[in-house]
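# Topology and contacts: notes
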Amino acid sequence: MKKLSELAAKPELTSVIINDEEIVKKYGDELEFFVYDKLPISTYTKLASLNTEDAGQLYEAVKDLILDEKGNPVVGGDKTLPMDVMTSAVVKVTENLGK
């Protein structure tokens, strides 16, 4: 019988590609960001109740979730992303949850 402790591991950064036709056309290429492969349950709850039309809620959801290749947040302080990119990023993350 396998023990749960054998499945526990430190989260690792994984690449996520936004390749939606509209995004690629608007920004000229696919967009890459990183997310940890294991997320706290509070993040799952936040994503499940997210209203993607609420800019404030969307910003709060992505600020700790959308990372660069070094694991640093992409948004924060005076930096933010366009609404269409934030929405697409959340969709991509939720599509990959549990995979």
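Each remark here, short or long, concerns the structure printed above.
The notes below deal with the structure included here.

Turning our eyes to something else, we now look at the overall build of the chain. In terms of regular secondary structure, the chain is built from four helices and two strands. Reading the helices (α) and strands (β) of the chain from amino to carboxyl end gives β-α-β-α-α-α. Structurally, the chain occupies a C-alpha span of about 50 × 25 × 25 Å along its principal axes. A buried classification covers 25% of the 99 residues belonging to the chain. The long-range share in the chain, meaning contacts at least 24 apart out of those at least 6 apart in sequence, stands at 53%. Split by element, the accessible area of the chain, about 6,900 Å² in all, is 52% carbon and sulfur. With 12 positive and 18 negative side-chain charges, the chain shows a separation of 7 Å between the mean positions of the two kinds.

Okay, the nonpolar core next. Nonpolar side chains tend to gather and get buried jointly when the protein is soluble and globular. If you look at the biggest cluster of nonpolar residues, it comprises 19 residues, and the most contacted ones within it are Phe 33, Leu 47, Leu 65 and Ile 66. Contributing elements (two or more residues each) for this core: β1 (13–18), β2 (31–36), α3 (55–62) and α4 (83–96). For Phe 33, the residues in contact, after removing those within four places along its chain, are Thr 14, Ser 15, Val 16, Ile 18, Ile 66, Leu 67, Ala 89, Lys 92 and Val 93.

This part is about the environment of Glu 53. For Glu 53, the location among the structural elements is in the loop between α2 (41–48) and α3. Since its relative accessible area comes to 71%, Glu 53 is described here as exposed. The spatial distance from the C-alpha of Glu 53 to the C-alpha of Glu 95 is 18 Å, given a sequence separation of 42 residues.

How each quantity is defined
- Residues numbered from 1 in each chain as written.
- Predicted model: local features only at pLDDT ≥ 70, side-chain atom pairs only at ≥ 80, totals over all residues.
- Heavy atoms only, no water.
- Helix = DSSP H or I, 4+ residues; strand = E, 2+ residues; numbered from the N terminus.
- Buried < 20%, exposed > 50% of the residue type's maximum accessible area, 1.4 Å probe, protein only.
- Contact = heavy atoms within 4.5 Å.
- Areas by Shrake-Rupley, 256 points an atom, 1.4 Å probe, with all protein chains shown as cover.
- Lys, Arg positive; Asp, Glu negative; His and termini not counted.
- Charge placed at Lys NZ, Arg CZ, Asp CG, Glu CD.
- Core = buried A, V, L, I, M, F, W, Y, C linked by side-chain atoms within 4.5 Å.

Interpretation note: all reported values are geometric properties and have no functional meaning in isolation.
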